[in-house]
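# Summary of the model geometry
The primary structure of each chain is shown beneath.
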Amino acid sequence: MTAQFLYGGAGMILFALGLWSFLVHEPLLRKLIALNIMGGGVFHLLIAIAERGDQPPDPVPHALVLTGIVVAVSATALALAMGRRLEDDGRD
């Protein structure tokens, strides 16, 4: 088993688990965690796609993954802040 298939398989499993969790759970925080798990699966798939056999790996998917990680962290922070604001407004 090569690393490419390992990363690709792990990515598909992570994406499927995140999608299942997103559809099954109702609390906003669990949905946000499920979206982050799905994002991790996509990152794994992009790294698996970057492999080109005997040639050096393609740097573009690696750059996309690094950019995606930064965007995911920022979007998660924004979603957490908005969720907290919604929760606080609901208590009044």
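In this text, all values refer to a predicted model and were calculated from it rather than measured experimentally. (Residues numbered from 1 in each chain as written. Predicted model: local features only at pLDDT ≥ 70, side-chain atom pairs only at ≥ 80, totals over all residues. Heavy atoms only, no water.)

### Points about helix 1 (residues 3-24)
With 22 residues, helix 1 extends 31 Å between its outermost C-alpha atoms, agreeing within 8% with the 32 Å of an ideal straight helix rising 1.5 Å per residue. Of all the positions in helix 1, only Gly 8, Gly 11, Gly 18 and Ser 21 are classed as buried. Down the axis of helix 1, the sector holding all buried residues measures 165°, keeping them to one side. More than 90 degrees from the buried face of helix 1, the exposed residues found are Phe 5, Leu 6, Met 12, Ile 13, Trp 20 and Leu 23. In this structure, the buried residues of helix 1 make contact with helix 2 (28-50). (Helix = DSSP H or I, 4+ residues; strand = E, 2+ residues; numbered from the N terminus. Expected span 1.5 Å × (residues − 1). Buried < 20%, exposed > 50% of the residue type's maximum accessible area, 1.4 Å probe, protein only. Arc of directions from axis to C-beta. Contact = heavy atoms within 4.5 Å.)

### As for the environment of Val 73
Secondary-structure assignment places Val 73 in helix 3 (residues 59-91). A relative accessible area of 55% places Val 73 in the exposed class. Between the C-alpha atoms of Val 73 and Phe 5, which are 68 residues apart in sequence, the distance is 27 Å.

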